[in-house]
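Structural features, examined
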Amino acid sequence: MTDIPYFKIAIVAVFIASTMYVHFRGKVRLRFFRQLMDHSTFMAPINCLMYLFSKLPAKPYLPVSGFPELKLLQDHWQDIRAEAYKLADAGEIKKSDKYNDAGFNSFFKTGWTRFHLKWYDDAHASAKEMCPVTTGLLQRIPTVKAAMFAALPPGGRLVTHRDPFAGSVRYHLGLVTPNADSCYISVDGERYFWRDGEGVIFDETYLHYAENQSDMMRIILFCDVERPLNNPVARWFNHFISNTLIRAASAPNSDTDRTGGINKLFAYVQQVRMFGKRIKAKSRFAYYAIQWIVFGGLIVWWLWP
């Protein structure tokens, strides 16, 4: 048996080091075993490159003034809200009735709903038809890579999570809010309370959750904004990941919209996930043992000479 190649050891070491950095980066952290199987672990080496070359400070919230191009949206927030109202009244801000929105599928359980405007591509065909003002404004801001209207009902709560890719930061523009402290998002333990016509930017790769304890629906404009990077190679790599992996998670509002490859496969992946949940319901020990066997097996397979 030959020795394990050094490049394989180096890759595993980079993987472990980047995972540790992601885990300890904020004040709020996942439990160890959940972190091990979280998507942020698998994306850790890529995300650490984004952090390394980021022009932004490593903070949960970032000044909106640092993104002057977003002023266009804030200046027209009432026009954007008018289109959001029409969509809500027509029942178009809704959950998916199919397994074709992998990135947000788990949020539907608590009442969160959405209408996709664009996703790392041109505006959705349905959005161009129903939201010409909003999609027209977004078209004028190339750094906005994805956008949607997102609604959270009274009593709704999004569980603690972090988004998978650090190539963007998140912008929320309040459209229909209680204008009260009972409706908020918490990013790395710090709360922000949405207000009509006000915007906030945060790093969505910190752990965060949202809660609406008011008696009215909350609707926001939700955008992914390209993370400013200080290196042309890093910017190229960010665009490459965005235009391949992240674009493949595009989800439709209707049959007229494109469905990305990840979401085309999601219906089949969901069957495996449901099988795993049935095992977990019967035996948490068996469920986590299988995860460890699979995870450990992949490491052994990779390191095997």
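Residues numbered from 1 in each chain as written. Predicted model: local features only at pLDDT ≥ 70, side-chain atom pairs only at ≥ 80, totals over all residues. Heavy atoms only, no water.

Remarks on the UniProt feature "transmembrane region" (unreviewed entry) in the protein
Let me state the cut-off plainly: UniProt positions are given in the numbering used here, feature names are shortened, and annotations may be inferred rather than shown by experiment. To qualify as a helix, a DSSP run of H or I must reach at least 4 residues; to qualify as a strand, a run of E must reach at least 2; elements of each kind are numbered from the N terminus.
The residues that UniProt annotates with the feature "transmembrane region" (unreviewed entry) are residues 6-24 and 285-304. Annotated as 100% helix and 0% strand, the span residues 6-24 places its first and last C-alpha atoms 27 Å apart.

A look at the UniProt feature "domain: Aspartyl/asparaginy/proline hydroxylase" (unreviewed entry) in the protein
The feature "domain: Aspartyl/asparaginy/proline hydroxylase" (unreviewed entry), as annotated in UniProt, sits at residues 75-228 in this numbering. Annotated as 18% helix and 37% strand, the span residues 75-228 places its first and last C-alpha atoms 23 Å apart.

Here's the deal with helix α1 (residues 6-24)
The test is simple: Each residue after the first adds 1.5 Å to the expected span of a helix. Partly exposed describes any residue whose relative accessible area lies between the buried limit of under 20% and the exposed limit of over 50%, with all areas from a 1.4 Å probe on protein chains only and scaled to the type maximum. Directions are taken from the helix axis to each C-beta atom, and the arc is the one they span.
Between its first and last C-alpha, α1 extends 27 Å over 19 residues, near the 27 Å set by a 1.5 Å rise per residue. K8, S18, T19, V22 and H23 are the residues of α1 that are buried. An end-on view of α1 places all buried positions within 140° of arc, on one side of the element.

Notes on helix α4 (residues 44-52)
The following threshold applies: Contacts are residue-level and defined by heavy atoms, with any inter-residue pair within 4.5 Å sufficient.
Of the residues making up α4, those classed as buried are A44, I46, N47, C48, M50 and Y51. Taken together, the buried residues of α4 touch α1, α3 (39-42) and α9 (232-246).

Remarks on the nonpolar core
Note the cut-off: We call a set of buried Ala, Val, Leu, Ile, Met, Phe, Trp, Tyr and Cys residues a nonpolar core when their side-chain atoms join them within 4.5 Å.
Counting residues in each nonpolar core, the largest one holds 36 residues, and the members touching the most others are Y61, F104, W112, W119, F165, I185 and W194. Secondary structure elements with two or more residues in this core: α4, β3 (144-152), β6 (183-187), β8 (199-202), β10 (218-226) and α9. Considering each element in turn, this core owes the most residues, five residues, to α4. If sequence neighbours within four positions are ignored, F165 has contacts with M43, I46, N47, M50, E204, T205, N238, I241, S242 and I246. Residues L72, F115, V144 and A151 belong to the second largest nonpolar core, which totals 32 residues.

A word on the side chain of D257
Note the following rule: Positive charge is attributed to Lys and Arg, negative charge to Asp and Glu, and no charge count is given to His or to the chain ends. Whenever a carboxyl oxygen of Asp or Glu lies within 4 Å of a side-chain nitrogen of Lys or Arg, that contact is scored as a salt bridge. Whenever two N or O atoms come within 3.5 Å, that pair is a polar contact, provided that in protein one can donate a hydrogen and the other can accept it, and provided that, for residues adjacent in sequence, both atoms are side-chain atoms.
Looking at the element boundaries, D257 is found in the loop between α9 and α10 (261-282). Although buried, D257 forms no salt bridge, and the nearest oppositely charged side chain, R114, lies 8.2 Å from it. Within polar-contact distance, the side chain of D257 engages the side chain of S126 at 2.7 Å. In this view, D257 contacts H124, A125, S126 and P252; residues no more than four positions away in its chain are not counted.

So, the sheet that holds strand β1 (residues 61-62)
To be explicit about the condition: Strand pairing follows a simple DSSP-based rule, namely that at least 2 bridges must link the two strands. Between N-to-C directions, angles cover 0 to 180 degrees, with each direction set by a line fitted to C-alpha atoms, over the stretch in contact for helices.
Pairing is antiparallel across the open sheet formed by six strands, whose spatial order is β1-β8-β5-β10-β3-β2. The sheet terminates laterally at β1 and β2 (113-119), the two strands that pair on one side only. In this sheet, β10 lies alongside β3 in antiparallel orientation, the contact comprising eight bridges. Note that in β10 the partner of A151 across the bridge is I219. Across the sheet, helix α6 (residues 77-89) is in contact with β2, β3, β5 (168-176) and β10; its angle to β5 comes to roughly 75°. Here helix α8 (residues 132-139) sits on the sheet in contact with β2, β3 and β10, set at roughly 45° to β2.

Let's talk about the sheet that holds strand β4 (residues 157-161)
If you walk across this open sheet you meet the four strands as β4-β9-β6-β7, and the pairing is antiparallel. The open sheet has two free edges, formed respectively by β4 and β7 (190-193), since each of these has just one partner strand. The sheet shows a mean angle of 15° between the axes of neighbouring strands, taken without regard to direction. In this structure, β6 lies alongside strand β9 (residues 208-212), joined through five bridges in antiparallel fashion. Residue pairing for β9: I185 is matched across the bridge by A210.

Describing the packing of aromatic side chains
For clarity, the cut-off: When two rings of Phe, Tyr or Trp (its six-membered ring) have centres within 6.5 Å they constitute a pair, described as stacked for plane angles under 30 degrees, edge-to-face for angles over 60, and tilted for the intermediate range. Note on criteria: charge over ring means Lys NZ or Arg CZ within 6 Å of the ring centre, with the direction from the centre no more than 35 degrees off the ring normal.
With the rule as written, the count across this model stands at 13 aromatic pairs. Measuring from ring centre to ring centre gives 6.1 Å for Y99 and F266, while their planes differ by 80°; the resulting arrangement is edge-to-face. Of this pair, Y99 sits in the loop between α6 and β2 while F266 sits in helix α10, and the two are 167 residues apart along the sequence. Summarising the aromatic geometry, the rings of F104 and W112 are spaced 5.3 Å apart at their centres and angled 20° between planes, so their arrangement reads as stacked. Residue classification places W112 among the buried residues on the basis of a relative accessible area of 3%. Members of the aromatic cluster, joined through ring pairs, are F104, F107, F108, W112, W119, Y120 and F222. Here the basic side chain of R191 rests over the ring of Y184, its NZ or CZ set 3.9 Å away from the ring centre. It is R218 that lies over the ring of W194; its NZ or CZ is 4.5 Å from the centre.

Focus on the side chain of Q35
Along the chain, Q35 falls in helix α2 (residues 32-37). Judged by its relative accessible area of 3%, Q35 is buried. At 3.3 Å, the side chain of Q35 forms a polar contact with the side chain of H23. A polar side-chain atom of Q35 sits 3.1 Å from a polar atom in the side chain of S40. For Q35, the contacting residues outside a window of four places in its chain are H23, L30, S40, T41 and R162.

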